[in-house]
Amino acid sequence: PMVGALEKISLLNPVYFDWKLDDSPGQGFIAHELQQVFPDAVSGKKDAVDSDGNISPQNVDPSFLVATLVAAIQELKKEFEKLMTDEEEDKKNE
């Protein structure tokens, strides 16, 4: 089983941004930041250029985040259920 997912997800820095291609708004992650936490979710290297000096952008595949996100939700559910149980116990003891 996956453990520590919530802690790993808390390391992410979701951002709003404008695409350089057409200035349209977007949301997601800065690739090199995401790569530090989820190396499998990012291909390419930060600030890479091709032989002509053109930017070789990194690519993000968010599907690599799904399992960790599900595990984080499960961890939150367990924490919530424990809090609810503790609250019920406190009410019984009043």
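Structural data are supplied above this passage.
For clarity, every value in this text was computed on a predicted model and none was experimentally measured.

Visitor: Summarise the overall build of the protein chain; cite the residues concerned and give the values.
Guide: When you go through the protein chain residue by residue, the secondary structure sums to 3 helices and 4 strands. Written out in order from the N terminus, the α and β elements of the protein chain read α-β-β-α-β-β-α. What you see for the protein chain is a C-alpha radius of gyration of 20 Å, clearly larger than the 12 Å of a compact globule of 94 residues, by over 25%. Based on the C-alpha atoms only, the size of the protein chain along its principal axes is roughly 75 × 30 × 15 Å. Restricting the contact set of the protein chain to residue pairs at least 6 apart, pairs at least 24 apart contribute 42%.

Visitor: Lay out unusual backbone geometry with the relevant residues and their values.
Guide: With the exception of glycine, most residues fall at negative phi, and the peptide bonds are largely trans. Non-glycine residue Asp23 carries a positive phi angle of around 60°. For Asp23, the location among the structural elements is in the loop between strand 1 (15-18) and strand 2 (25-28). Phi at Asp47 takes a positive value of approximately 60°, unusual for a residue other than glycine. Topologically, Asp47 is positioned in the loop between strand 3 (42-43) and strand 4 (59-60).

Visitor: Now, about helix 3 (residues 66-92): what can you tell me, with residues and values included?
Guide: Note: α-helices contain 3.6 residues per turn, so residues at a spacing of three or four share the same orientation. The terminal C-alpha atoms of helix 3, which comprises 27 residues, lie 39 Å apart, in line with the 39 Å expected from a rise of 1.5 Å per residue. The set of residues buried in helix 3 consists of Thr68, Ala71, Ala72 and Glu75. Elements in contact with the buried residues of helix 3: helix 1 (5-9).

Visitor: Hey, could you go over the packing of aromatic side chains for me, with residue numbers and the actual values?
Guide: This model, assessed by the stated rule, comprises 1 aromatic pair. Their ring planes at 80° and their centres at 4.9 Å tell us that Phe17 and Trp19 sit as a pair that is edge-to-face. Given the relative accessible area of 25%, Phe17 is considered partly exposed.

Visitor: Residue-level account of the pairing of strand 1, with values.
Guide: In this sheet, strand 2 lies alongside strand 1 in antiparallel orientation, the contact comprising 4 bridges. Bridge pairing in strand 2 places Tyr16 opposite Gln27. Taking the residues that link successive antiparallel strands as the turn, the strand 1-strand 2 hairpin has 6 residues, and the phi of Asp23 there is positive, at about 60°.

Parameters at a glance
- Residues numbered from 1 in each chain as written.
- Predicted model: local features only at pLDDT ≥ 70, side-chain atom pairs only at ≥ 80, totals over all residues.
- Heavy atoms only, no water.
- Helix = DSSP H or I, 4+ residues; strand = E, 2+ residues; numbered from the N terminus.
- Rg over C-alpha atoms; globule rule 2.2 N^0.38 Å.
- Contact = heavy atoms within 4.5 Å.
- Expected span 1.5 Å × (residues − 1).
- Buried < 20%, exposed > 50% of the residue type's maximum accessible area, 1.4 Å probe, protein only.
- Phe/Tyr/Trp six-rings, centres within 6.5 Å; stacked < 30°, edge-to-face > 60°.
- Pairing = 2+ DSSP bridges.

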